[in-house]
Amino acid sequence: MDSSDFPGRIGVMGGGSWATALAKLLLDSNRRISWYMRRDDRIEEFIRLGHNPAYLTDVNFDIDRIDFSSDINEVCEKCDTLLLAMPSPYFKDHTAKISVDVSGKSFVSAIKGIVPDDNVLITDYMRDTFGVDPAKLLVVSGPCHAEEVALSRPSYLTIGCIETTHAEAFASCLKGRNTHTIISNDVDGIEFAAVLKNVYAIAAGIIHGLKMGDNFVAMLVSNAIREMARFIDQVRPCSRHICDSVYLGDLLVTAYSRFSRNHNFGALIGRGYSVGAAKMEMEQIAEGYYAAKCIYDINKTAQVEMPIVDGVYDIIYRRLNPAKVMRRIGETFS
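Everything numeric in this text was worked out from a predicted model, so none of it was measured.

Here we have eight strands laid out as an open sheet, ordered β3-β2-β1-β4-β5-β6-β7-β8, and mixed in their pairing. Edge positions in the sheet fall to β3 (66–69) and β8 (179–184), since each has one partner strand and no second. The average angle at which neighbouring strand axes cross in this sheet is 20°, direction not considered. In this sheet, strand β2 (residues 33–36) lies alongside strand β1 (residues 10–13) in parallel orientation, the contact comprising four bridges. The residue bridging Met13 from the neighbouring strand is Tyr36, located in β2.

Within strand β7 (residues 155–160), five of the six residues are buried, which leaves the element mostly enclosed by the surrounding structure. Relative to β7, strand β6 (residues 137–141) runs antiparallel, the two sharing three bridges. Its bridge partner lying in β7, Val139 is registered against Gly160. Summarising the sheet, β7 and β8 pair through six bridges and their orientation is parallel. Along β8, the bridge assignment pairs Ile159 with Ile183. For the segment spanning β7, helix α7 (residues 164–174) and β8, crossover handedness is right-handed.

Turning to the packing of aromatic side chains, a few remarks are in order. Enumeration according to the criterion identifies 13 aromatic pairs in this entry. Ring geometry for Tyr313 and Tyr317: centres 5.2 Å apart, planes at 25°, overall stacked. Judged by its relative accessible area of 12%, Tyr313 is buried. Residue Tyr317 is classed as partly exposed on the basis of its relative accessible area of 24%. An aromatic cluster is defined as three or more aromatic residues linked by ring pairs; in this entry it consists of Phe265, Tyr289, Tyr290, Tyr296, Tyr313 and Tyr317. Across from the ring centre of Trp18, 5.1 Å away, lies the NZ or CZ of Lys112, which sits over that ring.

Now for the environment of Asp214. Tracing the sequence through the fold places Asp214 in helix α9 (residues 214–235). Asp214 gets classed as exposed once you look at its relative accessible area, which sits at 68%. Residues Asp214 and Tyr290, 76 residues apart in the sequence, show an inter-C-alpha distance of 26 Å.

Tracing the sequence through the fold places Glu227 in helix α9. Despite being buried, Glu227 has no salt bridge partner; Arg230 is the closest side chain of opposite charge, sitting 4.2 Å away.

The next point concerns the nonpolar core. Ranked by internal contacts, the top residues of the largest apolar core, which has 58 residues, are Phe192, Leu196, Tyr200, Met228, Phe231, Phe265 and Ile316. Secondary-structure elements contributing two or more residues to this core are α8 (187–210), α9, α10 (245–256), α11 (261–270), α12 (275–281), α13 (287–302), α14 (307–316) and α15 (322–330). Looking at which element gives the most residues to this core, the answer is α8, with 13 residues. Not counting residues within four places of it along the chain, the set of residues in contact with Tyr200 comprises Leu220, Ala224, Glu227, Met228, Leu251, Met306, Ile308 and Val309. The next biggest cluster of nonpolar side chains, apart from the first, holds 40 residues, and it includes Trp18, Phe68, Val140 and Ala146.

A word on the pattern of salt bridges. Taken as a whole and assessed by the stated rule, the structure comprises 21 salt bridges. For the salt bridge of Lys78 with Glu74, the shortest nitrogen-to-oxygen distance reads 3.9 Å. With Lys78 and Glu74 both in helix α3 (residues 72–78) and four residues apart, this pair spans about one turn of that helix. Judged by relative accessible area, which is 39%, Lys78 ranks as partly exposed. Asp188 serves as the salt-bridge partner of Arg236, at 2.7 Å between the closest nitrogen and oxygen. On the criterion of sequence distance, the pair formed by Arg236 in the loop between α9 and α10 and Asp188 in helix α8 is long-range, its members being 48 residues apart. Of the residues examined, Arg236 reaches a relative accessible area of 25% and is grouped as partly exposed. The structure contains a network of salt bridges with shared partners spanning Asp124, Arg127, Asp128, Asp188 and Arg236.

Contact pair α14 / α15: the axes reach a minimum separation of 10 Å and the direction vectors enclose 170°. In terms of axis orientation, α14 runs roughly antiparallel to α15. Each of Pro307, Ile308, Asp310, Gly311, Asp314 and Ile315 in α14 lies in contact with α15, whose residues at this interface are Pro322, Val325, Met326, Arg328 and Ile329. Here the residues of the contact of α14 with α15 sort into seven nonpolar, one polar and three charged.

What counts and what doesn't
Residues numbered from 1 in each chain as written. Predicted model: local features only at pLDDT ≥ 70, side-chain atom pairs only at ≥ 80, totals over all residues. Heavy atoms only, no water. Pairing = 2+ DSSP bridges. Helix = DSSP H or I, 4+ residues; strand = E, 2+ residues; numbered from the N terminus. Axes fitted to C-alpha atoms, helices over the stretch in contact; angles between N-to-C directions. Buried < 20%, exposed > 50% of the residue type's maximum accessible area, 1.4 Å probe, protein only. Right-handed = clockwise from strand over helix to strand, strands pointing away. Phe/Tyr/Trp six-rings, centres within 6.5 Å; stacked < 30°, edge-to-face > 60°. Lys NZ or Arg CZ within 6 Å of the ring centre and 35° of its normal. Lys, Arg positive; Asp, Glu negative; His and termini not counted. Salt bridge = Lys/Arg side-chain N within 4 Å of Asp/Glu carboxyl O. Core = buried A, V, L, I, M, F, W, Y, C linked by side-chain atoms within 4.5 Å. Contact = heavy atoms within 4.5 Å. Parallel < 35°, antiparallel > 145°, perpendicular 65-115°, else oblique. Nonpolar A, V, L, I, M, F, W, Y, C, P; charged D, E, K, R; others polar.

Okay, here's the thing in structure tokens:
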């Protein structure tokens, strides 16, 4: 595909709330899309109802402009650009089904997570496993909750790519009256920030569940953004402004919002739920549960001072007392 034709035909991969919200934005820009969903019964219900039967059910779609398929290879062959929007724990299971050559395709990761066990970023995985050109690897991040996109509330998306003309072209597919886009070339920083903010949101939720107060949450968040900066600058050094919306803004909305599944997961733990019970209570995946272990393991090599990540890891993997760990974290605040 000629660069002037980018992004070409777009395929959405994933059937959750974030995939649904992004598909709506793409369709609002008068595009025809392909859409991969794993389950045929979910596709049949979607077509019959005119909306996703499981997520953002109030959002209606023009079904005539969507080519659904439960065959990931069919979508990969048909499309020039693939938008990855499935939960990170399922990412490898889905992509392991790809048997066609996708090395010449473009991929946009909207996955706010890291590849569990491998402990690598989504874009790094696509580059190393499928041979995708880094100039054709993009990321899209917030601050932006799927629910607020669905409600047509003012939303802000950052699109990152080392080839900024590609980022600008994809941004034009998402822009709308209430959707604003920002361009960045900090692909790795954006991905790591999206991973870390979920861990910090769990910590904020635990504080909420423990009823330790807003003052403590404010101190947590102000220290979390500095912890984020230390880690990202160590593992992927470049010139970046950590107070930009894709870093600080995304952290704030995830730590405080009632839509934040990671905050809600943490709140359950703070209220006394076991980790297993909290996971069962959640209707959607809390990415921060997996992210905490990934970042903790990566930091064994990076050796960055990360008392908040260490504390969340201790609570959800070592089963240490949440109140005691939060008091320990509080002693490091400055």
